[in-house]
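Fold and contact review
Each chain is listed here by its residues.
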Amino acid sequence: MSSVLSPSNTSISLTRYLIEEQRAGRINPDLRLLIEVVARACKTISIAVGKGALGGVLGDAGTPGAASMNIQGEAQKKLDVLSNEILLEANAWGGHLAGLASEEMDTSHPIPDVYPRGNYLLLFDPLDGSSNIDVNISVGTIFSVLRAPEGVTQAQDQDFLQPGTEQVCAGYTTYGPSTMLVLTIGNGTHAFTLDREVGSFVLTTRGMQIPDDTKEFAVNMSNQRHWQPPMQAYVTDLLAGKEGPRGKDFNMRWVASMVADVHRILTRGGIFSYPLDAKCAAQGGKLRLMYEANPMSFLVEQAGGAASTGRQRLLEVQPTGLHMRVPVFLGSKAEVETAVRYHHEFDAEQA
Ligand code: AHM
Ligand code: MG
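Residues numbered from 1 in each chain as written. Chains lettered and ligands numbered in written order. Predicted model: local features only at pLDDT ≥ 70, side-chain atom pairs only at ≥ 80, totals over all residues. Heavy atoms only, no water.

1. Quick look at the coordination of the magnesium ion (ligand 2)
Within the protein, the atoms that donate to the magnesium ion (ligand 2) are D125 (OD), D128 (OD) and E292 (OE), at distances of 1.8 to 2.0 Å. The sequence motif formed by the donor residues of the magnesium ion (ligand 2) is D-x2-D-x163-E. For the pair D125 and D128, one class covers both residues: buried. (Donors = N, O, S within 2.8 Å, 3.2 Å for Na, K, Ca; no water. Buried < 20%, exposed > 50% of the residue type's maximum accessible area, 1.4 Å probe, protein only.)

Written out as structure tokens, the structure reads:
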């Protein structure tokens, strides 16, 4: 009698996936441990997010009437602070890291002296889409892994300032109707769904592929009047639909949680953009290069998509600061190339 548990019909847990990647020589034990630890922390965050009002975790951090602010000048939510603490605590003792950096902390975070250190640097946005926490819309955690420079065992801020091409791993967890972990170690982009009863992430899509072309775009249209000319021209032509130069009707979606918008694009295509606008131009953009744009760009490129600032491949941007911000266009390859073309044509006319 054949077993129902033959290798072909057993589900592949995150642990098994990582062990098999290690056997294939694509990751080492330290990176495997790091990913497992991050995934475990994300399960804890998922539980806190899922409890909502019952967990007493909604609302602003700080005291009533005086929310605490992060380095970005943004009011912190209780769940931002809690998620940050969960990730810090989970990653401090494993011996796989030389340092951590977070969107919610002013400077990089050292590994406590009592613990051994490793060769990796972990960066994260502990809870992305904070404006959606209190209204029960999907939020997520985004993370990126770099190697510490040779000989560095206690990383300083400048040790993190490496372009996105140097990432060895990136991923996000989306806390939506189901909790999913989407991961790349540079060998494709793969999606795992949390089996809540068992408590483990199970591989549900191996090798996500973003269609090259799309009829769907994601942008915060309320910023339109603040955009620069190439973005104005690009979106004007999208909105003109069948009757315009693009010759097809486009649909629009904007969740305002980057994880949710990018997850939709990884699943069914589309273009996500947070361009430069007059409100964020002085800071270089709205989204953060190290915690948001780089990990998402790595995931998107590994799924056959493209990611650009509008003028440069995002993964090749040299960071100048931990909290550096950039304009972002990512998703279906042909559509990102079209948006980039509008920028190049505008720049050529100005030259
Ligand atoms: P956060 O990390 O503070 O949550 O900010 C990032 C979020 C992204 O998830 C989302 O794409 C964007 O900010 C939404 O911005 P806006 O509210 O301007 O539409
Ligand atoms: Mg964010």
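Text resumes after the structure shown.
2. Thoughts on a nonpolar patch on the surface
A cluster of nonpolar side chains, W93, V114 and Y115, forms an exposed patch at the surface whose accessible area comes to about 320 Å². Within the secondary structure layout, V114 lies in the loop between β3 (97–102) and β4 (120–128). You can call V114 exposed: its relative accessible area is 70%. (Patch = residues over 30% accessible without salt bridge, like charges linked within 9 Å, V, L, I, M, F, W, Y side chains within 5 Å. Areas by Shrake-Rupley, 256 points an atom, 1.4 Å probe, with all protein chains shown as cover. Salt bridge = Lys/Arg side-chain N within 4 Å of Asp/Glu carboxyl O. Helix = DSSP H or I, 4+ residues; strand = E, 2+ residues; numbered from the N terminus.)

3. Observations regarding the sheet that holds strand β11 (residues 251–252)
In space, the 5 strands of this open sheet follow the order β11-β10-β12-β16-β14, with mixed pairing throughout. Two strands close off the open sheet at either side, each with one partner strand: β11 and β14 (306–308). With 2 bridges connecting them, strand β10 (residues 216–218) and β11 associate as parallel partners. Opposite E216, over in β11, you have N251 as the bridge partner. Sitting on the sheet, helix α7 (residues 333–350) touches β12 (271–274), β14 and β16 (328–331), and the angle it makes with β16 is about 155°. (Pairing = 2+ DSSP bridges. Contact = heavy atoms within 4.5 Å. Axes fitted to C-alpha atoms, helices over the stretch in contact; angles between N-to-C directions.)

4. Concerning the packing of helix α2 (residues 29–51) against helix α3 (residues 78–92)
The interhelical angle for the contact between α2 and α3, taken along N-to-C directions, is 150°, at an axis separation of 9 Å. Judged by the inter-axis angle, α2 sits roughly antiparallel to α3. Judged by the twist between their axes, the crossing of α2 over α3 is right-handed. Two secondary-structure elements touch here, α2 through L34, V37, V38, A41, T44, I45, A48 and V49 and α3 through L79, L82, S83, I86, L87, A90 and N91. Of the residues assigned to the contact of α2 with α3, the class counts are 12 nonpolar, 3 polar and no charged. (Parallel < 35°, antiparallel > 145°, perpendicular 65-115°, else oblique. Left-handed = near helix turned anticlockwise from the far one by under 90°. Nonpolar A, V, L, I, M, F, W, Y, C, P; charged D, E, K, R; others polar.)

5. Comments concerning the domain arrangement of the protein chain
By domain assignment, the protein chain separates into domain 1 (3–206) and domain 2 (216–350). Look at where the C-alpha atoms of domain 1 and domain 2 centre, and you get two points 24 Å apart. Every contact between the two is made by 50 residues of domain 1 and, on the other side, 31 residues of domain 2. For domain 1, the biggest contributors to the area lost against domain 2 are I142, L161 and Y172; these three give 21% of the whole. At the junction of domain 1 and domain 2, the tally comes to 1 salt bridge. A salt bridge links E103 to R288; the shortest N-O distance between them is 3.4 Å. Our count for the contact surface shared by domain 1 and domain 2 stands at 17 residue pairs in polar contact (both at pLDDT 80 or more). Counting only elements with at least two residues in the side of domain 1 that touches domain 2, the list comes to β3, β4, β5 (139–147), β6 (169–175) and β7 (179–184). Here the side of domain 1 that touches domain 2 gets 7 residues from one element, more than from any other, and that element is β5. Split by residue class, the side of domain 1 that touches domain 2 holds 21 nonpolar, 23 polar and 6 charged. (Domains from an automatic or database assignment. Buried area = accessible area lost by both parts, 1.4 Å probe. Polar contact = N/O pair within 3.5 Å; in protein donor to acceptor, adjacent residues only side chain to side chain.)

6. With respect to helix α6 (residues 289–302)
Counted residue by residue, α6 has 12 buried out of 14 residues, so it is predominantly covered. Within α6, the full set of buried residues consists of L289, M290, Y291, E292, A293, N294, P295, M296, S297, F298, L299 and V300.

7. Examining unusual backbone geometry
Here N136, not a glycine, exhibits a phi torsion of approximately 60°, which is positive. Overall, N136 belongs to the exposed group, its relative accessible area being 74%. In this structure, A256 takes a positive phi of about 75° despite not being glycine. Inspection of the secondary structure assignment puts A256 in the loop between β11 and α5 (258–268). Take A256: its relative accessible area is 33%, and that puts it in the partly exposed class.

8. A look at the layout of surface pockets
Each pocket or cavity is described by its volume, and for the largest pocket that value is around 420 Å³. G129, S130, S131, A256 and K286 are the residues nearest the centre of the largest pocket, which is lined by 25 residues in total. Per element, the largest residue contribution to the lining of the largest pocket is 3 residues, and it comes from β4. The class makeup of the residues in the lining of the largest pocket is 8 nonpolar, 6 polar and 11 charged. Mapping the lining of the largest pocket onto the domain boundaries places at least three of its residues in each of domain 1 (3–206) and domain 2 (216–350). Approximately 280 Å³ is the volume found for the second largest pocket. Taken together, 18 residues line the second largest pocket, and the ones lying closest to its centre are V49, G50, N136, I137 and Y175. Among the elements that take part in the lining of the second largest pocket, α2 stands out by supplying 4 residues, more than any other. In the lining of the second largest pocket, the residues fall into 7 nonpolar, 8 polar and 3 charged. (1 Å grid on protein atoms, 1.4 Å probe; cavity = no way out; pocket = protein on both sides within 12 Å on 5 of 7 lines; lining within 4 Å. Points joined across faces, edges and corners; volume = space filled by probe spheres on them.)

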